[in-house]
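# Remarks on the overall topology
Spelled out from the first residue to the last, the chains are:
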Amino acid sequence: MSGADVNVKLVLRSSRVVTPDGTRPAAVAVADGRIDAVLPYDTEVPAGSRLEDFGDDVLLPGLVDTHVHVNDPGRTEWEGFFTATRAAAAGGITTLLDMPLNSLPPTTTVDHLRTKQQVAAPKAHIDTGFWGGAIPSNAKDLRPLHEAGVFGFKCFLSPSGVEEFPELDQEQLARSMAEIAGFGGLLIVHAEDPRHLASAPQRSGPAYADFLASRPRDAENTAIEGLIAHARRLNARVHVLHLSSGDALPMIAAAKREGVRITVESCPHFLTLTAEEVPDGATEFKCCPPIREAANQDTLWEGLADGTIDCIVSDHSPCTTDLKTPDFASAWGGISSLQLGLPAIWTEARKRGHSLDDVARWMSAAPAGLAGLTRKGAVEAGRDADFAVLAPDETFTVDPAELFHRNQVTAYAGKTLHGVVKSTWLRGERIAADGAVAGPTGRLLERNQ
């Protein structure tokens, strides 16, 4: 096999391979869990190598989801490393980063990180890393956590919903940001301003319109404006989590042009679901910030198209069924979508004229780049042999009973989506195929591995 290593034992071939240089017919040679070479489609397969030919199904880089709440240990009845990573594998995700809450303990000290790693190690179906948390009481723990391998630090600017992970006020935000910038770290921020939330109308009950009014766009816009100001002053690297307000895009774009070190993500639910379609009492649609109107969604897609929004990640934030009460004020806020993100986004992206090259950039290359995962995120020589194989024109209707999440609650129930994940590969091994997932073979990741 000209151009390939003698250790190549596996060749994956497709008429449509998504590479950083575009989609083309190719043969991907794999050696020792890495991509050895991306070769012409009709390259001869060496003797002793196994050929997997996917025909016209698309070979994508394995997805990288940098925003997942696994909740393990401590709230494992909500989710867990075994169930979350199994669902991820079924959905074409080969790497995830776990958020520092809603587990008990939260990832706010090195000891807590080690606890989570010990729990995750035997359960992970895919490669798994960890964010640290920045809370008012742990400024002294930030550098040790960074040195222990967390990928960055998450903070809230408004109440998180769990008492063990309190929000930062503006003075605490500046102090934590300065500390993190001092060692070259990354601060990722749930950006909603508490004053705007406190002054918004708060009504209990099943009406989605009331809930939407309680989380106004101004809360996001003001928080992001302040975040930009701090990042500019401190030359800090910051990332806006789960952007839902399209109004914030012009100031973010201006900050980027100015050289402020800011990146932004959005999520499948903001890009595929709209406030107009949420039935009253259907709290499986509740998340914070909220799913907004269709016109706002159009603006978010414009932000993706022009590069203001860098990446798409799930913000998978599950809970037990009983916490999704019909009252939007009291129900737990979080969307379960880990297994469905790729088809949900592809369904909407294809309608809007985007390609799978775009989807791979938003859902694999950009999240990998955000976290510094240099071995992930692309089908090119030297990267880990992580792949998702997608039948982009096939459709399926979402049946919650067929999801691998611990609690089969989803806002996508009954929706017909384009794009069936046929198989998922981790370091050259098939870990999921046709709706079945193999046992845990994922590795724990640390920053700069």
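Refer to the preceding data block for the structure.
Residues numbered from 1 in each chain as written. Predicted model: local features only at pLDDT ≥ 70, side-chain atom pairs only at ≥ 80, totals over all residues. Heavy atoms only, no water.

### Comments concerning the overall build of the chain
To be explicit about the condition: Numbering goes from the N terminus for both helices and strands, where a helix is a DSSP run of H or I of at least four residues and a strand is a run of E of at least two. Here the radius of gyration uses the C-alpha set of atoms, whereas the globule reference equals 2.2 Å times the residue count to the power 0.38. Relative accessible area decides the class of each residue, using a 1.4 Å probe on protein chains only: under 20% of the type maximum gives buried, over 50% gives exposed, and in between gives partly exposed. Pairs of residues are marked as contacts when any of their non-hydrogen atoms sit within 4.5 Å. Positive charge is attributed to Lys and Arg, negative charge to Asp and Glu, and no charge count is given to His or to the chain ends. The location of each charge is read from NZ of Lys, CZ of Arg, CG of Asp or CD of Glu.
Scanning the chain for helices and strands turns up twelve helices and 18 strands. The globule rule puts the C-alpha radius of gyration for 449 residues at 22 Å, and the 21 Å found for the chain is close to it. On the principal axes, the C-alpha backbone points of the chain span a range of 70 × 45 × 45 Å. A burial count over the chain gives 59% of its 449 residues as buried. Summarising the internal contacts of the chain: among those between residues at least 6 apart in sequence, 75% fall at separations of at least 24. Within the chain, the 59 negative side-chain charges are centred at a point lying 4 Å from the centre of the 42 positive side-chain charges.

### What about the pairing of strand S1 (residues 10-19)?
The condition is simple: Two strands are counted as paired when DSSP detects at least two bridges linking them.
Across the ten residues of S1, eight count as buried, placing the element largely inside the fold. As paired strands, S1 and strand S4 (residues 50-53) are joined by four bridges and run parallel to one another. Following the sheet pairing, arginine 13 is matched in S4 by aspartate 53. One ladder, built from eight bridges, connects S1 with strand S2 (residues 22-31); its direction is antiparallel. Looking across to S2, one finds that arginine 13 is bridged to alanine 27. In this structure, the hairpin formed by S1 and S2 is closed by a connection of two residues. Looking at chain direction, S1 and strand S5 (residues 58-61) are connected through two bridges and run parallel. Across the sheet, the residue bridging to valine 17 is leucine 59, located in S5.

### Some words on the pattern of salt bridges
Think of it this way: side chains of opposite charge can pair up when their charged atoms draw near. Under the convention used in this document: Any carboxyl oxygen of Asp or Glu within 4 Å of a side-chain nitrogen of Lys or Arg constitutes a salt bridge here.
Across all of its chains, the model carries 30 salt bridges by this definition. Residue aspartate 98 is joined to lysine 116 by a salt bridge in which the shortest nitrogen-to-oxygen separation is 2.5 Å. You can see aspartate 98 sitting in strand S7 (residues 93-98) and its partner lysine 116 sitting in helix H2 (residues 110-120), a full 18 residues away along the chain. Accessibility classification places aspartate 98 together with lysine 116 in one group, the buried group. Among the salt bridges present, the one from glutamate 220 reaches arginine 292, with a minimum N-O distance of 3.0 Å. Placement of the pair is glutamate 220 in helix H7 (residues 217-234) and arginine 292 in the loop between helix H9 (268-272) and helix H10 (294-305), with a sequence separation of 72 residues. The class for glutamate 220 is buried, based on a relative accessible area of 1%. Relative accessible area serves as the criterion here: at 5%, arginine 292 is assigned to the buried category.

### Re the packing of H7 against helix H8 (residues 249-258)
Let me state the cut-off plainly: Between the N-to-C directions of two axes lies an angle of 0 to 180 degrees, each axis being a line fitted to C-alpha atoms and, for a helix, fitted only over the stretch in contact. Angle categories: roughly parallel below 35 degrees, roughly antiparallel above 145, roughly perpendicular from 65 to 115, and oblique for all the rest. Amino acids outside the nonpolar list (Ala, Val, Leu, Ile, Met, Phe, Trp, Tyr, Cys, Pro) and the charged list (Asp, Glu, Lys, Arg) are all regarded as polar, and Gly is one of them.
The contact between H7 and H8 brings their axes to 10 Å, and the two run at 10 degrees. It follows from the interaxial angle that H7 and H8 lie roughly parallel. Facing H7, whose interface residues are Asn221, Ile224, Glu225, Ile228 and Arg232, H8 presents Met251, Ile252, Ala255 and Glu258. Of the residues in the contact of H7 with H8, the class split is five nonpolar, one polar and three charged.

### Considering H10
Short version of the rule: A helix is expected to reach a length of 1.5 Å times the quantity of its residues less one. Working definition: the arc comes from the directions between the helix axis and the C-beta atoms, pointing outward to the latter.
Here H10 contains twelve residues, and its C-alpha end-to-end distance of 17 Å stays within 8% of the 16 Å for a straight helix at 1.5 Å per residue. When H10 is considered as a whole, its buried residues turn out to be Asn296, Gln297, Leu300, Trp301, Gly303 and Leu304. With its buried residues spanning 155 degrees around the axis, H10 presents them on a single face. Projecting away from the buried face of H10 at angles above 90 degrees are the exposed residues Ala295, Glu302 and Ala305. Note on H10: the residue one or two positions beyond its end, glycine 307, has a positive phi of about 90 degrees.

### A closer look at the sheet that holds strand S10 (residues 153-156)
Strand order in the open sheet formed by six strands is S9-S10-S11-S12-S13-S14, and the pairing between neighbours is parallel. Since the sheet does not close on itself, it has two edges, and those belong to strand S9 (132-133) and strand S14 (311-312), each with one partner. Of the strands in this sheet, S10, strand S11 (186-190) and strand S12 (237-240) touch helix H4 (residues 170-182), which is tilted by about 150 degrees from S11.

### Details of H4
As a reminder, the rule being used: Contacts described as polar in this section are N or O atom pairs within 3.5 Å, which, within protein, must combine one atom able to donate a hydrogen with one able to accept it, while residues neighboring in sequence count only if both atoms come from side chains.
For H4, which comprises 13 residues, the first-to-last C-alpha distance of 18 Å matches the rise-based estimate of 18 Å (1.5 Å per residue) to within 8%. Burial in H4 covers these residues: Gln172, Leu173, Ala174, Ser176, Met177 and Ile180. The inward-facing, buried residues of H4 abut helix H3 (142-147), S10, S11, H7 and S12. Taking the backbone nitrogen of glutamate 171 as reference, a side-chain oxygen 3.1 Å away marks aspartate 169 as the first, capping residue of H4. Trailing H4 by a residue or two, glycine 184 shows a phi angle of about 75 degrees, which is positive.

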